[in-house]
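Here's the letter readout for the chains.
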Amino acid sequence: LTGCNNKPRQAVTYYDENNQTKKEEYTVTGKEPGIRNGAYTAYYPDGTKKEERTYKEDKLEGIAKLYSNDGILVEETQYRNDKMTGTRTLYQSNG
């Protein structure tokens, strides 16, 4: 895997005590600490997706999504260079 400036990337997955995935992220290695670059996904304790984000050189980039504990999309926010830009959309769980 390669990341920003063709530096090696490392996929990191974090687990809880029951071996359920807690979060997944990509970091660029060769810097201390590694910087995030690429997809980041976090999960609720039951394994339901909690949030999705994308990082570019350790800064939020693109659409970040938040989910309720039953997996329903509740928020989308646009980021560029770690700052909220554009629209932020909130959804109600009943549609």
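The following refers to the structure shown. (Residues numbered from 1 in each chain as written. Predicted model: local features only at pLDDT ≥ 70, side-chain atom pairs only at ≥ 80, totals over all residues. Heavy atoms only, no water.)

## Brief notes about the packing of aromatic side chains
Here is step 1 of the chain: This model, assessed by the stated rule, comprises one aromatic pair.
Here is step 2 of the chain: Aromatic pair Y40 and Y55: ring centres 6.2 Å apart, planes at 85°, arrangement edge-to-face. You can see Y40 sitting in strand β3 (residues 35-43) and its partner Y55 sitting in strand β4 (residues 49-56), a full 15 residues away along the chain.
Here is step 3 of the chain: Accessibility expressed as a relative area gives 7% for Y40, which makes it buried. (Phe/Tyr/Trp six-rings, centres within 6.5 Å; stacked < 30°, edge-to-face > 60°. Helix = DSSP H or I, 4+ residues; strand = E, 2+ residues; numbered from the N terminus. Buried < 20%, exposed > 50% of the residue type's maximum accessible area, 1.4 Å probe, protein only.)

## Here we look at the environment of K65
Here is step 1 of the chain: Here K65 shows up in strand β6 (residues 62-67).
Here is step 2 of the chain: Taking relative accessible area as the criterion, K65 reaches 27% and is therefore assigned partly exposed.
Here is step 3 of the chain: Spatially, the C-alpha atom of K65 lies 6.7 Å from that of T77, the residues being twelve residues apart in sequence.
Here is step 4 of the chain: Aside from chain neighbours lying at most four places away, what touches K65 is K50, E51, E52, L73, E75 and E76. (Contact = heavy atoms within 4.5 Å.)

## Notes on the pairing of β4
Here is step 1 of the chain: Where β3 meets β4, six bridges bridge the pair, whose relative direction is antiparallel. Along β4, the bridge assignment pairs Y43 with K49.
Here is step 2 of the chain: The antiparallel pairing of β3 with β4 creates a hairpin that spans five residues between the two strands, and G47 there sits at a positive phi of about 95°.
Here is step 3 of the chain: Where β4 and β6 come together, two bridges link them in antiparallel fashion. Pairing of E51 across the sheet is with L66, part of β6.
Here is step 4 of the chain: Inspection of the sheet shows β4 paired to strand β5 (residues 59-60) by two bridges, in the antiparallel sense. (Pairing = 2+ DSSP bridges.)

## A look at the nonpolar core
Here is step 1 of the chain: In terms of nonpolar packing, the biggest core is built from six residues, these being Y40, A42, Y55, L60, A64 and Y79.
Here is step 2 of the chain: Setting aside its immediate chain neighbours within four residues, Y55 contacts R36, N37, G38, Y40 and L60. (Core = buried A, V, L, I, M, F, W, Y, C linked by side-chain atoms within 4.5 Å.)

## Focus: the environment of E75
Here is step 1 of the chain: Secondary-structure assignment places E75 in strand β7 (residues 73-80).
Here is step 2 of the chain: According to the relative accessible area criterion, E75 is buried, its value standing at 14%.
Here is step 3 of the chain: Residues E75 and Y91 lie 16 residues apart in sequence; the distance between their C-alpha atoms is 5.9 Å.
Here is step 4 of the chain: Setting aside its immediate chain neighbours within four residues, E75 contacts A64, K65, L66, R88, T89, L90 and Y91.

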